[in-house]
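# Residue-level structure breakdown
Each chain is listed here by its residues.
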Amino acid sequence: MNETTILPQTNTLQLEIAALREQIVNHKVYGVIRSLDDLRIFMQYHVFAVWDFMSLLKSLQNQLTCVTIPWLPVGSANTRFLINEIVVGEESDVDADGNRKSHFEIYLDAMKQSGANLTTIEGFISKLSSNGGNVDEALNSSDIPSAAKSFVQNTFRIINSNKTHATAAAFTFGREDLIPGMFHSLINDINQNFPNSISVFKYYLERHIEVDGDRHSHLALAMTEQLCGNDEKKWSEAKVETLASLQSRIKLWDGVYEEIISRKN
C-alpha cells in the first residue's frame, strides 16, 4: 500500500463525515470576524486547538515509532516514515524570517503581534511544565474558555484510548483542511488595514495550506489506511472518533461565535 492508495473504506468514511465537515467550513463564526478585536478572540480559543494538535501528533509518534532507549524497530517502516515526516514539518518548521519553530510557536508569535491575550495559554503551558504534564489539572486550574477546555478534553480522551488507528483517523479526517477559503479572504482584508498586526497570522495560515493541507494531509491519509487496512472493526472505531472530533470542532467554533457576539452587543 503506497501513499497514493485510496481504499474503499476511506471513500465511505469521507462520505459519512461530509455533512459535519460542511458545517465546519460554513460555520457562522467566520461571518462575524470583521475586526482585529474579533480575530483576537478567535485566536485565544483556536490556540488550544493548535496546541493539542501537536499532542495528538506526538501521541502517534510515540505509538508508531521507538522513542525510548535502547532503540528497537517498532511496527512498519512505512508508518514510521509517514509520522516522522509530519512531525518534522509540524515541530520544526520555519517562520517568516527563516527561524526554526513549531507551528504552535509561530501561532504564539502571531498572537503577540496582534495584541491577543496570551495570559491563558501561557499559564496553561506553565502549569503543564510544573505539574509533570497533568493535562486535567492544568485545564481545571487555568481560566480557559469552556469550549476550548472541552475541545482539549475530547482530544486527550482520544489519545488516552490507545487505539492508534482511531487516533490516526481523528488526526487525518478531523483536524486537516477545516479552515475555509472565506476565512483566508477575511484575513487578507484585515491584513490590508492592519499589516503590522496580523502578518504573522497570515503567514501561519498560508504555511498551513502549503504544508498541512497538501503534503501532510496525503501522508496522514496513507498512515491511517495502513493502520486500518481492511479491518472493518478498526474502520468503525475510526469513524466514531472522527465524528467526535468534528463535533468537538463545531462546539469550539460555537463558543468563539458566542463570545464575539456577546462582546459586540
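Residues numbered from 1 in each chain as written. Predicted model: local features only at pLDDT ≥ 70, side-chain atom pairs only at ≥ 80, totals over all residues. Heavy atoms only, no water.

Moving on, we come to the overall build of the chain. Along the backbone of the chain there are twelve helices and two strands. Helices and strands appear in the chain in the N-to-C order α-α-α-α-β-β-α-α-α-α-α-α-α-α. Its C-alpha atoms give the chain a radius of gyration of 18 Å, within 12% of the compact-globule value 18 Å for 265 residues. Over its C-alpha atoms, taken along the principal directions, the chain stretches across nearly 50 × 40 × 35 Å. Out of the 265 residues belonging to the chain, those deemed buried represent 52%. Restricting to contacts in the chain with at least 6 residues of sequence separation, those with at least 24 account for 76%. As displayed, the chain has an accessible area near 12100 Å², and 49% of this comes from carbon and sulfur atoms. (Helix = DSSP H or I, 4+ residues; strand = E, 2+ residues; numbered from the N terminus. Rg over C-alpha atoms; globule rule 2.2 N^0.38 Å. Buried < 20%, exposed > 50% of the residue type's maximum accessible area, 1.4 Å probe, protein only. Contact = heavy atoms within 4.5 Å. Areas by Shrake-Rupley, 256 points an atom, 1.4 Å probe, with all protein chains shown as cover.)

Let us look at the nonpolar core. Ranked by internal contacts, the top residues of the largest apolar core, which has 82 residues, are Phe42, Phe183 and Phe201. With 17 residues, helix α3 (residues 36–64) is the single largest residue contributor to this core. Each residue touching Phe201, except ones within four places of it in the same chain, is listed here: Leu39, Phe42, Met43, Tyr107, Ala110, Gln113, Phe183 and Ile187. (Core = buried A, V, L, I, M, F, W, Y, C linked by side-chain atoms within 4.5 Å.)

If you walk through the whole model with that rule in mind, you get 14 salt bridges. For the salt bridge of Asp52 with Arg175, the shortest nitrogen-to-oxygen distance reads 2.6 Å. Residue Asp52 is found in helix α3, and its partner Arg175 is found in the loop between α9 (164–173) and α10 (181–193); the two are separated by 123 residues along the sequence. When its relative accessible area of 8% is taken as the criterion, Arg175 is described as buried. (Salt bridge = Lys/Arg side-chain N within 4 Å of Asp/Glu carboxyl O.)

If you roll a probe as big as a water molecule over the atoms, it shows you where there is empty space left. Counted under the stated rule, the structure contains two cavities of 30 Å³ or more. Roughly 40 Å³ of volume is contained in the second largest cavity. Along its surface, the second largest cavity is lined by Leu56, Phe151, Asn154, Thr155, Ile158, Arg175, Ser245 and Ser248. Counting only elements with at least two residues in the lining of the second largest cavity, the list comes to α8 (146–160) and α12 (232–264). (1 Å grid on protein atoms, 1.4 Å probe; cavity = no way out; pocket = protein on both sides within 12 Å on 5 of 7 lines; lining within 4 Å. Points joined across faces, edges and corners; volume = space filled by probe spheres on them.)

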